[in-house]
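# Observations on the model geometry
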Amino acid sequence: MGWPRSPATVRWPALEHSMWPLFRIALRNVARNRRRTLITLAALLVGVGAAVLTRAMMNGLQRAMVTNITASATGALQVHRAGYLDNVLSTPLTMDFAIDEAFLARVRAIEGVKAVSPRIQFAGSLGANDESLFLAATAMDPTAESAVCPSRASTFVPGSRFDSPDGILLAETVASTLGTQQGGEAVFLAPDRDGTLNGELVHVTGATRSVMPDEPKTAVVPLALAQRLLRMEGRATELAVAVHRLEEAPQVAARLREALGPDYEVHTWDDILVQVKEGQARNDASMGLIAAVFLVLMLLGVANTMLMSALERTREIGTMMAVGLRRGKVMGLFLAEAVVLGATGATLGALLGAGLSAWLNQRGIIFTAPTISVPFDIRPYVDVGYLVRIVLLATAGAAVFSLYPAWRASRLRPVQALAGR
């Protein structure tokens with residue numbers, strides 16, 4: 001009969017071949033100090049919950065902004081002659097096209113298209129009360145426009161009318177500069193597509209409010225008036241298109257490009273409003289930084305918890321190592337405890353943030369900025385992919401931030417650990 005093996009060479013078979021027993025022991029250890037565990041879980045819950053709710057609020061704000069702009073100004077899609085956007089500052093009127101019923105019917109027949117509205121974008125000069133002012137004008141058909149941009153009327157100052165054949169709506173800043181009142185007369189001058197200057201007597205029928213900050217001096221006129229002024233009867237420079245679902249705009253744009261051919265270009269709202277898209281990208285980067293700060297702060301709490309646990313369990317660690325548990329398994333045990341804490345706290349926080357987001361989505365938040373007159377109806381939301389990513393990131397972060405406490409625990413010498421040193 002041989003001598004029994006030294007305690008240092010004893011193996012823990014259950015821990016040698018499977019990680020599940022390690023996690024079972026980790027769960028028991030986490031539950032042992034309930035107060036500290038609850039405090040750590042509360043920090044994770046608040047941190048992840050705040051990050052999820054912040055992301056949901058930003059998602060809701062961005063969607064509300066895009067919805068407002070597309071429903072009150074641009075439309076989801078715009079159709080132009082090929083090369084129009086590249087030359088919009090030089091020769092927009094020369095890149096016009098016929099808008100007969102056959103052409104409009106072709107566009108309406110595309111799957112996903114809800115409505116279309118022909119427009120003319122042009123520049124002119126408005127004179128009234130011995131004052132004149134250069135401005136950018138948009139000509140549109142009132143009936144067709146209401147189908148494409150149903151919120152367009154919300155940009156009109158109360159009392160304004162857009163049903164007069166010779167009426168013009170001025171931006172509030174333009175009306176103030178010219179000193180015009182509703183019902184007043186003005187002379188609208190503009191060069192036609194051949195460069196000949198033409199004029200029309202118009203009546204001011206109201207004023208418009210800005211959809212976005214820092215909008216230029218603008219005016220809105222009936223399409224028929226602009227066609228007469230610019231000698232462009234039956235023609236337009238732009239076709240605004242509404243879609244059934246804004247998320248499907250890229251797919252509908254692709255179908256339109258295929259149907260209309262290379263003579264036309266089709267742009268989605270983010271192709272036209274590049275500054276809005278860039279602003280959203282900056283907001284996303286800011287939200288990512290805020291989420292990272294939340295994560296770092298709460299993961300420092302996890303690291304502190306694991307370090308305190310390692311210091312308090314010195315004798316326990318010494319006993320495990322004395323009976324044969326390898327240093328790597330000791331380190332793995334502490335990392336497993338950190339993973340359990342991180343995954344549990346992050347999951348609870350993600351569920352809390354998602355629940356609050358869903359509740360706010362049902363209620364809605366009305367937000368009005370000082371420089372934007374059309375209020376935002378913010379409906380916070382967060383996608384499942386983001387929830388999964390933040391839970392995985394918090395779990396992995398908890399393991400990373402616990403590497404030092406786990407390494408320190410695994411480097412203890414059994415004799416010193418048993419002595420409590």
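Notes on the structure follow. Keep in mind that what you see is a predicted model, and the values were worked out from it rather than measured. (Residues numbered from 1 in each chain as written. Predicted model: local features only at pLDDT ≥ 70, side-chain atom pairs only at ≥ 80, totals over all residues. Heavy atoms only, no water.)

## What to know about the overall build of the protein chain
- When helices and strands are tallied, the protein chain shows 15 helices and 13 strands.
- Burial status across the protein chain gives 47% buried among its 421 residues.
- A separation of at least 24 residues holds for 79% of the contacts in the protein chain among residues at least 6 apart in sequence.
- When the accessible surface of the protein chain is split by element, carbon and sulfur atoms take 61% of a total near 21100 Å². (Helix = DSSP H or I, 4+ residues; strand = E, 2+ residues; numbered from the N terminus. Buried < 20%, exposed > 50% of the residue type's maximum accessible area, 1.4 Å probe, protein only. Contact = heavy atoms within 4.5 Å. Areas by Shrake-Rupley, 256 points an atom, 1.4 Å probe, with all protein chains shown as cover.)

## What to know about helix α3 (residues 34-74)
- The end-to-end C-alpha distance of α3 is 57 Å, a good match for the 60 Å that 41 residues give at a rise of 1.5 Å each.
- Just beyond α3, the residue with positive phi is Gly75, at close to 85°. (Expected span 1.5 Å × (residues − 1).)

## Concerning the side chain of Thr70
- Residue placement: Thr70 occurs in helix α3.
- A distance of 2.8 Å separates a polar side-chain atom of Thr70 from the backbone oxygen of Val66.
- Not counting chain neighbours up to four residues away, the residues in contact with Thr70 comprise Gly75, Ala76, Val148, Cys149, Leu246 and Trp269. (Polar contact = N/O pair within 3.5 Å; in protein donor to acceptor, adjacent residues only side chain to side chain.)

## Some thoughts on the packing of α3 against helix α13 (residues 384-401)
- It is at 11 Å that the axes of α3 and α13 come closest, and there the two elements cross at 150°. Classified by the interaxial angle, the pair formed by α3 and α13 is roughly antiparallel. Classified by chirality, the crossing of α13 by α3 is right-handed. Between α3, through Val48, Ala51, Val52 and Arg55, and α13, the contact on the second element is made entirely by Tyr386, Leu387, Ile390 and Ala394.
- For the contact of α3 with α13, the class distribution of residues is 7 nonpolar, no polar and 1 charged. (Axes fitted to C-alpha atoms, helices over the stretch in contact; angles between N-to-C directions. Parallel < 35°, antiparallel > 145°, perpendicular 65-115°, else oblique. Left-handed = near helix turned anticlockwise from the far one by under 90°. Nonpolar A, V, L, I, M, F, W, Y, C, P; charged D, E, K, R; others polar.)

## Describing the nonpolar core
- Judged by nonpolar contacts, the single largest core of 50 residues is most densely connected at Leu77, Ile120, Phe122, Leu126, Ile168, Phe188 and Leu256.
- The element contributing the most residues to this core is strand β3 (residues 113-128), with 6 residues.
- With 29 residues, the next largest nonpolar core counts Val48, Leu295, Phe334 and Tyr386 among its residues. (Core = buried A, V, L, I, M, F, W, Y, C linked by side-chain atoms within 4.5 Å.)

## Quick look at the packing of aromatic side chains
- Inspection of the entire model under this criterion finds 6 aromatic pairs.
- Pairing Phe97 with Phe103 gives two aromatic rings, centres 5.6 Å apart and planes at 55°, and the pair type is tilted.
- For Phe103, a relative accessible area of 5% gives the class buried.
- Between Phe367 and Phe376, the aromatic rings sit 6.3 Å apart at their centres with planes inclined by 35°, giving tilted as the arrangement.
- Aromatic ring contacts, followed pair by pair, group Phe97, Phe103 and Tyr264 into a single cluster.
- In this structure, Arg63 is placed above the aromatic ring of Tyr381, and the distance from its NZ or CZ to the ring centre is 4.0 Å. (Phe/Tyr/Trp six-rings, centres within 6.5 Å; stacked < 30°, edge-to-face > 60°. Lys NZ or Arg CZ within 6 Å of the ring centre and 35° of its normal.)

## Thoughts on helix α8 (residues 249-260)
- The terminal C-alpha atoms of α8, which comprises 12 residues, lie 16 Å apart, in line with the 16 Å expected from a rise of 1.5 Å per residue.
- Listing the buried residues of α8 in full gives Ala249, Val252, Ala253, Leu256 and Leu260. Buried residues along α8 cover an arc of 105° about the axis, so they all sit on one side.
- Tucked into the core, α8 has its buried residues touching β1 (77-81), α4 (101-108), β3, β10 (238-243) and β11 (264-268). (Arc of directions from axis to C-beta.)

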